[in-house]
Structures are given as structure tokens and as C-alpha cells.
Amino acid sequence: MIFVTIKKETDSIFAARFFYVNNLIIIMIIEFLSQPWHWSVSGLSLALVMFLLLYFGGELGISSTLRTICSVSGAGEKCDFFQFNWRSQLWNIVFVIGAVLGGWLASTFLASPTPVQVGEKTEVHLKELGISLPQDNPEVGGLVPMEVFSLGNLLSPTGFITLIIGGFLIGFGARWAGGCTSGHAISGLSNLQLPSLIAVIGFFIGGLLMTYLLLPLIYNIS
Amino acid sequence: MKYLKFLSVGVLFGIIMTKSEAISWYRIQEMFLFDSFHMYGIIGTAVVAGLLVTTFIKRKQLQTIEGEKIKLNPKNMSIPRYLLGGTVFGLGWALTGACPGPMYTLLGHGIAAILVVIISSLIGTLVYGILRPKLPH
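Residues numbered from 1 in each chain as written. Chains lettered and ligands numbered in written order. Predicted model: local features only at pLDDT ≥ 70, side-chain atom pairs only at ≥ 80, totals over all residues.

As for the overall build of chain A
Right, so step 1: When you go through chain A residue by residue, the secondary structure sums to eight helices and zero strands.
Right, so step 2: Going residue by residue from the N terminus, the α and β elements of chain A occur as α-α-α-α-α-α-α-α.
Right, so step 3: Against the compact-globule benchmark of 17 Å for 222 residues, chain A has a radius of gyration of 24 Å, which places it well outside the compact range.
Right, so step 4: If you line up chain A on its principal axes, its C-alpha atoms span 80 × 50 × 35 Å.
Right, so step 5: Within chain A, buried positions represent 45% of all 222 residues. (Helix = DSSP H or I, 4+ residues; strand = E, 2+ residues; numbered from the N terminus. Rg over C-alpha atoms; globule rule 2.2 N^0.38 Å. Buried ≥ 20, exposed ≤ 12 C-beta atoms within 10 Å, placed from the backbone.)

A closer look at the interface of chain B and chain A
Right, so step 1: Tallying the contact residues gives 101 residues for chain B and 104 residues for chain A.
Right, so step 2: Elements that contribute at least two residues to the side of chain B that touches chain A include exactly helix H1 (4-19), helix H2 (25-32), helix H3 (38-60), helix H4 (80-96), helix H5 (100-108) and helix H6 (114-131) of chain B.
Right, so step 3: For the side of chain B that touches chain A, the class distribution of residues is 58 nonpolar, 32 polar and eleven charged. (Contact = placed C-beta atoms within 7 Å. Nonpolar A, V, L, I, M, F, W, Y, C, P; charged D, E, K, R; others polar.)

Structural notes on unusual backbone geometry
Right, so step 1: We note that Leu192 of chain A has phi near 50 degrees; this positive angle belongs to a residue other than glycine.
Right, so step 2: One non-glycine residue, Glu21 of chain B, lies in positive phi territory at about 65 degrees.
Right, so step 3: Along the chain, Glu21 of chain B falls in the loop between H1 and H2.
Right, so step 4: Overall, Glu21 of chain B belongs to the buried group, with 28 C-beta atoms counted inside 10 Å.

A closer look at the nonpolar core
Right, so step 1: Counting 92 residues, the largest nonpolar core has Met50 and Ile186 of chain A together with Phe89 and Ile114 of chain B as its most contacted members.
Right, so step 2: Aside from chain neighbours lying at most four places away, what touches Phe89 of chain B is Leu169, Ile170, Gly173, Ala174, Ala177, Cys180, Phe203 and Gly206 of chain A. (Core = buried A, V, L, I, M, F, W, Y, C linked by C-beta atoms within 7 Å.)

With respect to the packing of helix H3 (residues 64-72) of chain A against H6 of chain B
Right, so step 1: Running from N to C, H3 of chain A and H6 of chain B point in directions that differ by 80 degrees, and their axes come no closer than 9 Å. As summarised for this structure, H3 of chain A and H6 of chain B are arranged roughly perpendicular, according to the angle between their axes. Contact residues: Leu66, Arg67, Ile69 and Cys70 of chain A in H3 of chain A; Ser121, Leu122, Thr125, Leu126 and Gly129 of chain B in H6 of chain B.
Right, so step 2: Across the contact of H3 of chain A with H6 of chain B, the residue classes tally to five nonpolar, three polar and one charged. (Axes fitted to C-alpha atoms, helices over the stretch in contact; angles between N-to-C directions. Parallel < 35°, antiparallel > 145°, perpendicular 65-115°, else oblique.)

Observations concerning the confidence of the model for chain B
Residue and element names in this part refer to chain B.
Right, so step 1: Overall, the prediction assigns chain B a mean pLDDT of 95, with 100% of residues at 70 or greater.
Right, so step 2: Model confidence for chain B, summarised as mean pLDDT per element, is weakest for H3 at 96 and strongest for H1 at 98.
Right, so step 3: If you check the scores for this complex, the pTM reads 0.93 and the ipTM reads 0.96. (pLDDT = per-residue confidence, 0-100.)

Some words on the environment of Leu126 of chain B
Residue and element names in this part refer to chain B.
Right, so step 1: Summarising the element assignment, Leu126 is placed in helix H6.
Right, so step 2: Residue classification places Leu126 among the buried residues on the basis of 24 C-beta atoms within 10 Å.
Right, so step 3: Along the chain, Leu126 and Leu33 lie 93 residues apart, while their C-alpha atoms are 31 Å from each other.

A short note on H6 of chain B
Right, so step 1: The end-to-end C-alpha distance of H6 of chain B is 25 Å, a good match for the 26 Å that 18 residues give at a rise of 1.5 Å each.
Right, so step 2: The elements touched by buried residues of H6 of chain B are H3 and helix H6 (157-176) of chain A together with H4 and H5 of chain B. (Expected span 1.5 Å × (residues − 1).)

Observations regarding H2 of chain B
Right, so step 1: When you tally the buried positions in H2 of chain B, you get eight out of eight residues, the bulk of the element.
Right, so step 2: Considered for burial, the residues of H2 of chain B that qualify are Trp25, Tyr26, Arg27, Ile28, Gln29, Glu30, Met31 and Phe32 of chain B.

What to know about the environment of Thr158 of chain A
All names here are of chain A.
Right, so step 1: You can see Thr158 is positioned in helix H6.
Right, so step 2: The exposure class of Thr158 is partly exposed, given the 19 C-beta atoms found within 10 Å.
Right, so step 3: Residues Thr158 and Tyr219 lie 61 residues apart in sequence; the distance between their C-alpha atoms is 6.6 Å.

Quick look at the structure:
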């Protein structure tokens, strides 16, 4: 009888220690993953995502979901471009729902201990434009300037141009170019597609025009 | 079950987008200002590793999980379409600091204003669909 009790006690001590060590390991893993990831780790993981999507019978190309959503909403009745079998693209809609979930999980459980760190030249440039720095926006981990990304700002010139016109250009341009950063810069370049290289050159022509010429104009008039 | 695997890869993608900080407006500004190697490193590594992935798939004639041939769609050659469309996209990318992947991911971060960007991008797609016959391709 005594023997049995002792055995039970050692068992429970063992179990407690096991769970303690287990929890420590989980906490260590979470802390490790919560650091901002090195670019090489991020790039390799993106290639893994590309491989998994191909292996599962899909492909990496996110902007096509916008066309699918238009088609699901009935745009095909008015316009041929949206007449296609959108059911064959549902996997991609599920994929981006996953991305929303992943964003939520990462912001809730894997939040970085420090806000985004940007280079000095960028900080100086942002100060000139009067845009808040990452460290001024700790509530979103310094990811975006909240004065621009707020619904209250929607009707101000900067808010309207950034959110409404910016979004429009993304949707229009991505479909015209037949893909976005994921479809051309990652999937396309990985498959040595010359059209994708031309598209990426276009992305940079537009991006540099906006960054060096238009953004200073937009942020100085308001 | 068929869709659960895509949901899981999507979750992984959202976590990568967040932890790589590719969803940050600031990171995109920094990239276009050539002030950091970070974004170029991410895309560069993904392309080099992706090149190995596509080569592996072609060499081994790998099949999908459902036993079909993996499709690596070649893109039709044209210059105006990719250059002009790409430029329009780039203008939007630098302005909102988000491309479609980060757009969806930021929604998960509870940044409600990104919903406006998503709706506007749907309108942009719709208008492209309507104007498509008149645009150079």
C-alpha cells in the first residue's frame, strides 16, 4: 500500500515536471518565433508555401482572388472577363481566408517585442513628409502609420488617395499585368518567365515614380 | 478536407507575411528608397529557392497530391501589357505600402481601413475587366 502511494507520488512529480518542461519549450518556441524573422528565413518559407500550393494543385498568385470575388458577386453577367468557372478557383479564396487568420494568429500570439525598425534615410524622408514613424504606432507593432490607415482619415486628401485610389491602382494594375508580387516576382521569376521580369520592372517604375515624385506632392498638399 | 490544406498553407503564409514584416507600409517605403536590403533579401531568397523548387518539379515530373501533373503555366509574351500594367500596380503598391497578400494579412491584424483598400482593389479589377478590350495587351 505504501509502495503504491509512493509510486503514485513520483508519478505525479514526474508528470508535473514533464508538463513544466513541455511548457517551457513551448514558451521558448513562441518567443523564438515572435522575433522579426531574418529575410532568408522569410524567403525560404515563402518558397515552401509556393511548393505546397503547387503540390496541392494550386499555384501562388494572390491577386487572381480579386477577379474570382468579382465573378462570384455576379460580374460575369455584365462582363465577359468575369465569365469563368470560379468554382475551380475557390481553393485560392480559402487560401486568402487562411492568410487573414494567419495575420490574426501572428498579431495575437507572435507579436514582435519591438516595432518595425527602418533605416535612417527612410526616417528622415518620413519626417520630411510629416508621416509618423513605426515607433509612434506601437498599437499595431509599428506596421503602418495609423494616421493614414484610419477610417476617420478616409475623406482627407491623404486618406482618400492612399486607401481608395491606391487600392484601385493595385486591383487595376495587377489584372492588367496578369499578376502581382506573388504571381510575377515570386512564381513567375522562379519559373524564369520573361513576362514576369518585364512586369517586375514595371512594378519598380511605378513604385519609384510614386515614392520619389508623387508621395512628396500628396503629403505636402495636405 | 480538400480545402483544409489550402487554409493551413494560407495561415502559414499570413504568419510569414507578418513575421517577415513584408506587410509593413514602412518596409515597402524603405525598399523603394533603397534604404535596406530586407525586402530584396526576402524576394531574392524566395526566387532562388523557388527556382530549385520548379527545377525539382520539372526534373522529377512531380505530380500533385491528387495524382495530376503539376501545372507551371508559362505566360504569354507581350511588352505593353506587363510594362504598363506593372507600372500601374507599382504606383498602387508604393502608395498603400501593400500588395494583395499583405492586404489580406493586414485585415487579420484588425486594421479596419485596409478593408477600404480591398474594396477599392475589387473596383479596380472590375473596371479593368470592363476596359480590357480598349487597353493595349
